[in-house]
Amino acid sequence: MKRIPLAALALALLASPAAQAQKKPAAAPTADQKMKQFIDGLMGKMTQDEKIGQLNLVSVGFDVTGPVVSKDVDANIRKGLVGGVFNTFTPVAIRKLQEMALKESRLHIPLMFGYDVIHGHRTIFPIPLGLAASWDMAAVEQSARIAAEESTADGLDWVFSPMVDIARDARWGRIAEGAGEDPYLGSRIARAMVRGYQGPGNDLTKDNTVMACLKHFALYGAAEAGRDYNTTDMSLQRMYNEYLPPYKAAVDAGVGSVMSSFNDVNGTPATGNKWLMTDLLRKQWGFKGFVVTDYTAINEMMEHGMGNAAQVSALALNAGIDQDMVGEIYLKNVADNIKSGAVSKAQLDAACRRILEAKYKLGLFQDPYRNVSAQRATSTLVKPEFIAAARDIARKSMVLLKNERSTLPLKKTGSIALIGPLANRQRDVIGNWSGAGDWKQAVSVEQGLRAAAPSLKITYAKGANIADDAQMLERLNAHGGDLELDKRSSEEMIREAVQVAQAADVVVAVVGESQGMTGEAASRSDIGLPGQQLALLKALKATGKPMVLVLMNGRPMTLPWENQNADAILETWFAGTQAGHAIADVLFGAYNPSGKITATFPQVVGQVPLYYNHKNTGRPFGGEKLDKYKSRYLDVSNEPLYPFGYGLSYTTFSYGKPTLSKTTLSPTETLEVKVTVQNTGNYDGEEVAQLYLRDVVGSISRPVKELKGFQKVMLKKGESKTLTFRLAPNDLKFYNNDLKFVAEPGDFKVFVGGNSRDVQEVSFKLAAK
Ligand code: BGC
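Analysis parameters
- Residues numbered from 1 in each chain as written.
- Predicted model: local features only at pLDDT ≥ 70, side-chain atom pairs only at ≥ 80, totals over all residues.
- Heavy atoms only, no water.
- 1 Å grid on protein atoms, 1.4 Å probe; cavity = no way out; pocket = protein on both sides within 12 Å on 5 of 7 lines; lining within 4 Å.
- Points joined across faces, edges and corners; volume = space filled by probe spheres on them.
- Helix = DSSP H or I, 4+ residues; strand = E, 2+ residues; numbered from the N terminus.
- Pairing = 2+ DSSP bridges.
- Disulfide = S-S within 2.5 Å.
- Near = heavy atom within 4 Å.
- Polar contact = N/O pair within 3.5 Å; in protein donor to acceptor, adjacent residues only side chain to side chain.
- Areas by Shrake-Rupley, 256 points an atom, 1.4 Å probe, with all protein chains shown as cover.
- Nonpolar A, V, L, I, M, F, W, Y, C, P; charged D, E, K, R; others polar.
- Axes fitted to C-alpha atoms, helices over the stretch in contact; angles between N-to-C directions.
- Contact = heavy atoms within 4.5 Å.
- Core = buried A, V, L, I, M, F, W, Y, C linked by side-chain atoms within 4.5 Å.
- Buried < 20%, exposed > 50% of the residue type's maximum accessible area, 1.4 Å probe, protein only.
- Phe/Tyr/Trp six-rings, centres within 6.5 Å; stacked < 30°, edge-to-face > 60°.
- Lys NZ or Arg CZ within 6 Å of the ring centre and 35° of its normal.
- Parallel < 35°, antiparallel > 145°, perpendicular 65-115°, else oblique.
- Arc of directions from axis to C-beta.

**Q** Could you clarify how one ought to interpret empty space enclosed by the protein in this entry?
**A** Taking a probe equal in size to a water molecule and rolling it over the atoms shows the remaining empty space. Taken as a whole and assessed by the stated rule, the structure comprises 6 cavities of 30 Å³ or more. Computed from the structure, the largest cavity encloses a volume of approximately 130 Å³. Forming the boundary of the largest cavity are 16 residues, of which P128, M163, E177, I189 and M193 lie nearest the centre. Of all the secondary-structure elements, those providing two or more residues to the lining of the largest cavity are α7 (128-133) and α9 (183-198).

**Q** Is there a simple way to think about the sheet that holds strand β6 (residues 257-260) in this case?
**A** In any sheet, the strands associate via hydrogen bonds between backbone groups, in a parallel or an antiparallel arrangement. The 8 strands are arranged β9-β6-β5-β4-β3-β2-β1-β10 in an open sheet whose pairing can be described as parallel. Whereas interior strands pair on both sides, the edge strands pair on one side only; in this sheet they are β9 (290-292) and β10 (324-325). Of the strand pairs in this sheet, β6 and β9 are connected by 3 bridges, and their pairing is parallel. Of the residues in β9, the one forming a bridge with V258 is V291.

**Q** I tried to follow the state of the cysteines on my own but got confused; where do I start?
**A** Cysteine pairs can be linked by a disulfide, which is a covalent bond between their two sulfur atoms. Within this structure, the stated rule accounts for 0 disulfides. C213 takes part in no disulfide bond, and the closest cysteine sulfur to it belongs to C352, at a distance of 18 Å.

**Q** For this particular structure, what's the right way to read the site of the ligand?
**A** Close contacts around the ligand come from 14 residues, with T65, D116, R174, H216 and D294 the closest. With respect to the ligand, the side chain of T65 contributes an N or O atom lying 2.6 Å from an oxygen atom. In this structure, an oxygen atom belonging to the ligand sits 2.7 Å away from a side-chain N or O atom of H216. In isolation the ligand exposes 310 Å². Once the protein is present, 100% of that is buried. Each residue belonging to the shell around the ligand can be placed in one class, and the counts come to 7 nonpolar, 2 polar and 5 charged.

**Q** Mind showing me how you'd approach the sheet that holds strand β13 (residues 457-461) here?
**A** Pairing is mixed in the open sheet, where 6 strands are placed in the order β11-β16-β15-β14-β12-β13. The open sheet is flanked by β11 (399-403) and β13, the only strands paired with a single partner. When strand polarity is set aside, the average angle formed by the axes of neighbouring strands in this sheet is 20°. Where strand β14 (residues 506-512) and strand β15 (residues 547-552) come together, 6 bridges link them in parallel fashion. Each bridged residue has a counterpart across the sheet, and for V507 the counterpart in β15 is M547. Contacts between helix α19 (residues 445-452) and the sheet are confined to β12 (415-419), β13, β14 and β15, with β12 contributing the most and set at about 165° to the helix.

**Q** What is the right way to look at the nonpolar core in this model?
**A** A general trend in soluble globular proteins is that nonpolar side chains are found buried together. With 212 residues, the main nonpolar core has F217, L244, L540 and L587 as its most contacted residues. Residues Y655, V677, L693 and V713 belong to the second largest nonpolar core, which totals 22 residues.

**Q** Help me understand the packing of aromatic side chains, please; the structure alone is not making it clear to me.
**A** For any pair of aromatic rings, the description rests on two quantities: the centre-to-centre distance and the angle between the ring planes. Tallied over the entire structure, the rule returns 23 aromatic pairs. Seen from their ring centres, Y184 and F710 are 6.2 Å apart, and the 85° between their planes marks the pair as edge-to-face. Taken as a pair, Y184 in helix α9 and F710 in strand β22 (residues 706-715) lie far apart in primary sequence, 526 residues in all. F710 gets classed as buried once you look at its relative accessible area, which sits at 7%. Among the aromatic residues, ring-to-ring pairing joins W135, Y184, Y612, F644, Y692 and F710 into one connected group. Just above the ring of Y629 sits the side chain of K628; from NZ or CZ to the centre is 5.6 Å. A cation over a ring is seen here: R702 above F734, with NZ or CZ 3.9 Å from the ring centre.

**Q** Explanation requested: the side chain of D40 in the structure shown.
**A** Topologically, D40 is positioned in helix α3 (residues 31-45). Within the local environment of D40, its side chain forms a polar contact with the side chain of R353, the two groups lying 2.6 Å apart.

**Q** Which parts of the structure should I look at to understand helix α10 (residues 236-243)?
**A** Helical periodicity: at 3.6 residues per turn, an α-helix aligns residues three or four positions apart in one direction. Judged by how many residues are buried, α10 sits mostly within the fold: 6 of 8 residues are covered. All buried positions along α10 are accounted for by Q237, M239, Y240, N241, E242 and Y243. Where α10 is buried, its residues touch α9, α11 (245-252), β7 (264-265), α12 (274-284) and β24 (734-735).

**Q** Before we go on, may I ask you to explain the packing of helix α13 (residues 309-319) against helix α14 (residues 329-340) in this structure?
**A** When two helices pack together, their arrangement is given by the angle between their axes and by how far apart the axes lie. Between α13 and α14, whose axes approach to 9 Å, the crossing angle comes to 90°. When the interaxial angle is binned, α13 and α14 end up roughly perpendicular. Across the interface between the two elements, A309, A310, V312, S313, A314, A316 and L317 of α13 pack against I329, Y330, N333, V334 and N337 of α14.

**Q** Just checking my understanding: could you explain α19 for this structure?
**A** For α19, every residue scored as buried is listed here: V445, E446, G448 and L449. Looking straight down α19, one finds its buried side chains confined to an arc of 165°; they lie on one side.

Shape descriptors only; they carry no functional weight alone.
Here it is, written out as structure tokens:
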């Protein structure tokens, strides 16, 4: 592919007086010095308006998540008033806009192209909550790597991922987009994702590496009452120990950019929060990249009550927000704010510089097209290896929640009644935030089962609508949905399903949420099965046929009846392009499920927020029936339906008593914990062995358990392996009342097991010296 020569621009810049002055350094300049020299030269030529233009990120195309759209995009590109573009891809579309910037704007500064590549680009992987349930860091990294290969081949430079917001409230629809409730696992996944996107050395000049964007900074997942965009307010101790670690892990891994969140953080919206964006992110953590807002988040500070357009624009720039996503509020206000003294020229320069640095690091000044071509796109996108990986990763993400009397795996002979509104859905299986994925290439459960078992008699009946409320359906379809309301009465649909069930050996009911019921602006106050699906299941149960539930959903759900009455339950999330094949692999036993949930499933919605790593109260409830004055509910126990880390296999595993290399540890020593895990069942299988720690006495109250390690191991039938976990000095530390990261001498408990509840315990002491 022919590259547009930028040599002329580079030469012109180097010939500038500022560059001339630095032309003969004593020693060879470092990469950073070269970058600085280049950007000094470029900025020396830029007008104030052109600098403000770099701060402007515009959206073109379809995927709009707010009420405002970018206008006059072409004209603004030509005037040098656009720094980056998102919501478009393909070599042709990107080349057209890039050429406009390069040929028709005064300084020919290349644009940077971003997109919401969240769980795959063209080849779609399981939604992030599902991906996390694999506990397989190589698989997580591989999914991001493939997304980087595909998105760069499609002309993109920048992906709005990873989303690392800790979420403990299943009502929040965006719990689907992150790794769940745990800061340790979340941090491991954040690192794996950044590495997958940006490559092991963070070399963004490569054709196939893409700049990641850590989001949503910060605490977006702690929205009050699980309602999207809502306020967050929490102690600094909770913030540092429980919510910030995954963001910091991504920064430490070298993430190139950060997106500010919509929410208020302890009284100041994140997007205007100088403490967050400058003191913490840049000064304490040493973040060197740039910060972009979320969609129109600066403008929204007016609704937060932070002032008028000029004031919120100044607030954001002074806080350290570099780029304005869609809001165009910088474009309209920064010049006046400089005039009035509300912001300084230096502040504008700093923001502009950080965006130009990102472009420089991406190699855009060398090759603004990053070697994109139609040919490369054709040979890269959705290639067979990627499809194979999507199937494998999808299988790994699935969690077996129940399996009585070995109902699963299913036989490939006889007959099954395939029931449920999600059984033949292609659009739903790829989940939301899969904008570049073609759902017509996705495999539904029905297609997957038929392909895997051609001689099995499969009869389908819908049984229920995913939602019966026409308005809800309209809302779900507003952003790319294709749900149709079956006009038959619920009784009629159930009657048909029951007839189909009666004629079959086993019922496979594919139920859950439609993809649009999770994700952004998709909070739910009831997290049970929507519509008449539970009524359908009750009728199916009455047939007496074995009943397997295949769940599709993007959040923990309340499933008490289902857990009591189904014979088997397989959680499949929204598993991506290859969902149907992957589900068939698990249902027929070609793959033995190995996933474990990473967000607690409550019994009833009134228990949320419910999470395993909670603190004890002064009146912990031990389960005694008549113990009234305890921290408990009158009408439900404190236990979850399924605890964090839970998931079954077709085989069983037993754990020996963990042993410790020492029972007294000095603060600089590493503790080794060994445990023998045995496959005691009838299938080869993988187990995720988990290690938790409790700091028994602390200067602040400490969680009852915290994940500090895990290993996913393959064990053949009958095989046992001794696993070694290492607890390094930092694993014993936490942020104390002064926000110092310390380990406090005293007693610790170590727990090892196959989930956060069923564990074996040993103790050790941390000595003062
Ligand atoms: C979402 C972000 C997303 C952005 C751009 C916002 O509404 O909160 O996660 O990256 O839109 O599409």
